[in-house]
Amino acid sequence: MRKLILKSPIVLLLMIIVLAGYLRFYRLEDYPIQLNHDEVSQLYDAISIATTGKDIYGNFLPTIFESVHDFKSPFYTYITALFYLIFGGGELTVRLPGAFFSTLIIMAIYFFSWRLFKNQIMALLASLMAAIVPFELFFGRKSFENVAGIFFMLLGFTALLKYFENKKSVWVYLGVIILSIAMYTYFSHAIIIPLLFISFIFIFKDEISWTDSNFIKAIIFWIILILPLVFLVITNPDARYRSETVFITQDVNLGERIGLTQTGNFLLDNVVKLKVITDYGFNRYLNQFDPLYIFSFGLDFTNQGPVGMGPLFLVQLPFLIFGLIYITRQNNIIREKRFILTWVILGMIPSGLTFESFSPHRSIMVFTALNIISAAGLFFVFKYLNNLPQKRIFYISIITIFLLFTFNFVYFIHMYTVNFPNEKFQHLHYPFEQVARFMWSEHQNYDRIVFDPLYGEVAPVIGTAAHYYLAYFGNYPPAKMQQEYRRGEKTREVLFDKFSIRKIDWIEDQNLKNTLIVGTIWSIPIKEVDENKIIKTFYYFDGKPAFYAVSLK
Amino acid sequence: MKVEIKILILIIVCGFILRIANFSFPFLSAEEVRIAYRSYTLSEVGKDEFGRDWPLLFNSSEDYKLPVVSYLSALGVKIFGKNEFGVRIFFILIGTGLILVSYNLALNYTKNIKVALFTAVAVALSPILVFLSKVPNESIVLTFLIIFIFYFLTRRNTTIYVAGLLILSSMLVSKFSWFIMPLFILFLVFVQPNKFSFKIKSLFFIFTVMASLLSILIFLQVPQATRSFLENNLTLFSNLTIKNGIEHLRMQGIQSGWSPLMERVLFNKIEFAVVGLLHWFSHLSPNIYFGQFDKTGILNITSLGAFSKITIIPFLLGLFYLFQQKLNHKKLLLFLIFIFTFPASLVYPNYSLDLIILTIPLLAMIVGFGLINLRFKLRYLIILLMFFETAFNLLIIKPEVNYTNTTRPSWIVPIAEDVYAVSKGIKVGVSDNIVFDIAPYILWENPVSPEDNFLKIGLPYKYRQTSLNKIKMIGADNNFYECTPDENINLFLSQRDFEKINRTLNLVITKKYQDNLGNDLVYKIGNSICVN
């Protein structure tokens, strides 16, 4: 087996990539069950950029996309625009870049792990793990720029490690260029990659000669490459707004705690306030390493407490522990092991500093590293078993491990295809697509169409991106959207074409003429409405009624 | 005197000062003040607050309590009188003694004086060990005993009978001891290297198992013992979230066309074991040790973990140092951490934070390994920062007093005093939601006679007092009316009851009481409103 692997690692890698590709592209349009608000806004903005050079708000080639006032980083929208030019405007288009980079990441993980651990079998195991683990599949199948960012990070650091081996300048330049691209993909990468790069230089300082002009020039080149990004982050108010709105100080509980720190002494109050924020952030940061989160509910697939799905398989837990022990005991990779552990420590910072208790999408780079470490653990176990005199134990153990992984994988598939849509359809804005399509089918029959995106089975939430859903599923020309889009005078009102997306005030709105009103029980007292006026009911994924279309003639 | 001994004395003195600094902080919680009052009745008349003679099992609002903590506290009150000093002093001494025992254990275990000294430093500066040394509680006593047993059984000259006595003592401290001790002793005598013969080892292990079983069997004679186990120590199995989750997810699969057999394979009772396992490991998360240990402020300062934040650096270094070692007794230390916390796998969703406290001296040893692997200056800088963070939180207590406004209500004292003073003359009604349990505060803060307040109840489970001589607790279901001329009662109303009657009846507020945050919390109402 070992001979086979060493003989043809690339063939095996290709097989793993094919497997990864299959798992990422198979029925990509069906799962997740509907484009979520991020996907639909990125897709429509991408179409808008590709056809007009502007986003829907009329900004020419923006460096940050206002989207639904969440100010998205531009990488994914532009790459989707590229895919749009090749594949057209189907729903699949927005998911293709994510799945594409998520498949390519297998290769990046292979080369990165190989450079890092100097062991091809371990590298193959790491890429095999990456091909099947929950977080890679989950984030690979939804349009998400972070995956692309990590792909570039892995490649960039691989190139730098390669440079230390052969000192060919091409690798160091390639490394810094790729790392710069990675920084442009996702906001948190703009902070984490420089930190990681500085740590990398510090850890590998013995490999770097400060008279090595190539390295110095490459660093200067890197600084030049990232200057526009630094300028953007510092000067662009939208970027600052984005950072402020997701920063930990937006956490309500932290706000309450700060409010309780008043001692009456100005100086002391400020010291204590700083301390409270530090304490809170540090605690949140460390909380991200909770095993229950990583192995049980981290992907937030269900509403069933601990019965859910973590970013990593449960079966990886022992291998992760073995992997940590194994790599710390390897004396030939001292710098490399320091680097991978630094990767884990720094990578969790974005999750620790944001207002959400857990944000797995900001921790993908850590999960990637943990995955690689668990592959090292798997290798360690294989090696140990292989050295046992009784081969029977080896084979039984291998079969057991295989079966455990298979069981975990089937469990994930069940969770992803059955439980996740049933439990979390609301996160995907289900059934906004049907609602949007229906409103367009009735477009000619009414003078005005009012849509209130306030929805929810248990409690009401305002569904964002309703205008994107309407525009995209109505094939509304982006150029026209740029002209038509405007804010109205009523509560939450956005207007374009015949559409008014806003809060329904039923007492007033029920008197409107030749109007189609679509809303949920949170905005329309449906029991009081004449049944004949309800021309269509839309259902949540679990079959319960969601939206009602009320015809006012 | 050797330099090491001088340093050790310095560490112990420093630890002691931290434990007595700001002596009245933290203010006693309802549970702790109940122990305080009980210690007073025990020391005065040899009876607990219910009037039972020298009991071995006490009541609390959450679970039954074993005797050692109450009697220790009673000893302090007997010697130093009915005051905070008497209640807290023995726990301060035990907490300080833990520094010495941890030092000895580390020295004996690692044969490295530096590791031992750094272990002592980590124990002395651990915020939670400082905090728990200041209030009557089981955790600090059990930790002390367990570390002492560990030290005793791994040192060269050991008297097995003394070790047996220590084990028996631990059985009277906390229920957790009944679960942990057999595995702990099994590990100590059979896995750790020692000088005992196989026969002695076996006998000692059997003795521990018998002691645990006997404790459980005796406890099961108590009427609500099974309920106590199920509600406090085995909650995983009665957890409806997991049970319903399994059924819910399975049903979704069947509705989607997956075979019922496959659904049973994927979602079954193994989920309980998985959740239990991960919940157990979750207890060992770094945020609990270095982030926030207890957000309620009952077991620790709310903003701190078991150690200062900076301690995570030497801890990680120590951990990797141990990983790098070949399998030896040092590395086996890591297994003990899992042994001490394994009962947490049976409790979900609550965290059994008391179990984590037992592991802190072991983690301190790992921190010790880490500190010796640091450069000189960095090492002492880290120790300085450890000291600074703990000391800062013990000295600047205003924020913490505010955070624990409800769990450690220092503002209750004037209310408790006024309630008692009024009740000497007329009837008093007190809203039962002013604090979790106001009765022990009234009893502890005033010169009451124990005999006057005995309740003569057997062994009530999760008991909360609803009346006290002329004082009646007002619940949410009580109604108010205007008093007739022959009725004479004063009311101390919480916001809930005040708002309830303020709309319909004319209230004459004679006094307002505020909490630590400056909010009006309790209203004293004169002789106008009565309660049924």
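Each remark here, short or long, concerns the structure printed above.
We now turn to the structure provided with this report.

## Some details on the interface of chain B and chain A
Part 1: Facing the 49 residues of chain B at the interface are 45 residues of chain A.
Part 2: Both sides together, the interface formed by chain B and chain A hides about 4000 Å², and carbon and sulfur atoms give 71% of it.
Part 3: When residues of chain B are sorted by the area they lose upon contact with chain A, B:L278, B:F323 and B:Y403 head the list and together hold 15% of the total.
Part 4: Viewed at the interface, chain A and chain B are joined by one salt bridge.
Part 5: Between B:K309 and A:D279 there is a salt bridge, with the nearest N and O atoms lying 2.6 Å from each other.
Part 6: Where chain B meets chain A, there are 15 residue pairs in polar contact (both at pLDDT 80 or more).

## Considering the sheet that holds strand β6 (residues 499-501) of chain A
All names here are of chain A.
Part 1: Ordered by their spatial adjacency, seven strands build an open sheet running β4-β5-β6-β1-β7-β9-β8, and the pairing between neighbours is mixed. Only two strands of the sheet have a single neighbouring strand rather than two, namely β4 (486-487) and β8 (534-539).
Part 2: As paired strands, β8 and strand β9 (residues 545-552) are joined by four bridges and run antiparallel to one another. Considered in β9, the bridge of T537 is made with Y548.
Part 3: Packing against the sheet, helix α21 (residues 432-441) makes contact with β1 (448-451), β6, β7 (515-519), β8 and β9, and its axis sits at approximately 155 degrees to β8.

## A short note on the packing of aromatic side chains
Part 1: Applying the stated criterion to the full structure yields 110 aromatic pairs over all chains.
Part 2: With 5.5 Å between their ring centres and 25 degrees between their planes, A:F164 and A:F204 make a pair best called stacked. Residue A:F164 is found in helix α8 (residues 145-166), and its partner A:F204 is found in the loop between α10 (189-203) and α11 (213-235); the two are separated by 40 residues along the sequence.
Part 3: Taking the centre distance of 5.3 Å and the plane angle of 65 degrees together, the rings of A:F432 and A:Y469 count as edge-to-face. Note that A:F432 is positioned in helix α21 and A:Y469 in helix α22 (residues 466-473), a separation of 37 residues in sequence. The pair formed by A:F432 and A:Y469 is uniform in burial state, with each residue classed as buried.
Part 4: Here the aromatic residues A:F112, A:F157, A:Y163, A:F164, A:F197, A:F200, A:F204, A:F215, A:W222, A:F339 and A:W343 are joined through ring pairs into a cluster of three or more.
Part 5: A:K391 extends its terminal NZ or CZ atom over the ring of A:F394, reaching a point 5.4 Å from the ring centre.
Part 6: Seen from the ring of B:F436, B:R464 lies directly overhead, with NZ or CZ sitting 5.0 Å from the centre.

## Looking at empty space enclosed by the protein
Part 1: Under the criterion given, the structure shown has three cavities of 30 Å³ or more.
Part 2: Of the volumes computed, that of the largest cavity is approximately 110 Å³.
Part 3: Considering the residues around the largest cavity, the lining is formed by A:V272, A:K275, A:V276, A:D279, B:I301, B:S303, B:F392, B:N393, B:I396, B:P399, B:E400 and B:Y403.
Part 4: Listed by contribution, the elements that provide at least two residues to the lining of the largest cavity are α14 (266-287) of chain A together with α19 (376-395) and α20 (398-403) of chain B.
Part 5: Among the elements that make up the lining of the largest cavity, the one with the highest residue count is α14(A) (four residues).
Part 6: If you trace the second largest cavity, you find it lined by A:R257, A:V276, A:D279, A:Y280, A:N283, B:Q292, B:T302, B:S303 and B:Y403.
Part 7: The leading source of residues in the lining of the second largest cavity is α14(A), at four residues.
Part 8: Split into classes, the residues belonging to the lining of the second largest cavity amount to three nonpolar, four polar and two charged.

Calculation rules
- Residues numbered from 1 in each chain as written.
- Chains lettered and ligands numbered in written order.
- Predicted model: local features only at pLDDT ≥ 70, side-chain atom pairs only at ≥ 80, totals over all residues.
- Heavy atoms only, no water.
- Contact = heavy atoms within 4.5 Å.
- Buried area = accessible area lost by both parts, 1.4 Å probe.
- Salt bridge = Lys/Arg side-chain N within 4 Å of Asp/Glu carboxyl O.
- Polar contact = N/O pair within 3.5 Å; in protein donor to acceptor, adjacent residues only side chain to side chain.
- Pairing = 2+ DSSP bridges.
- Helix = DSSP H or I, 4+ residues; strand = E, 2+ residues; numbered from the N terminus.
- Axes fitted to C-alpha atoms, helices over the stretch in contact; angles between N-to-C directions.
- Phe/Tyr/Trp six-rings, centres within 6.5 Å; stacked < 30°, edge-to-face > 60°.
- Buried < 20%, exposed > 50% of the residue type's maximum accessible area, 1.4 Å probe, protein only.
- Lys NZ or Arg CZ within 6 Å of the ring centre and 35° of its normal.
- 1 Å grid on protein atoms, 1.4 Å probe; cavity = no way out; pocket = protein on both sides within 12 Å on 5 of 7 lines; lining within 4 Å.
- Points joined across faces, edges and corners; volume = space filled by probe spheres on them.
- Nonpolar A, V, L, I, M, F, W, Y, C, P; charged D, E, K, R; others polar.

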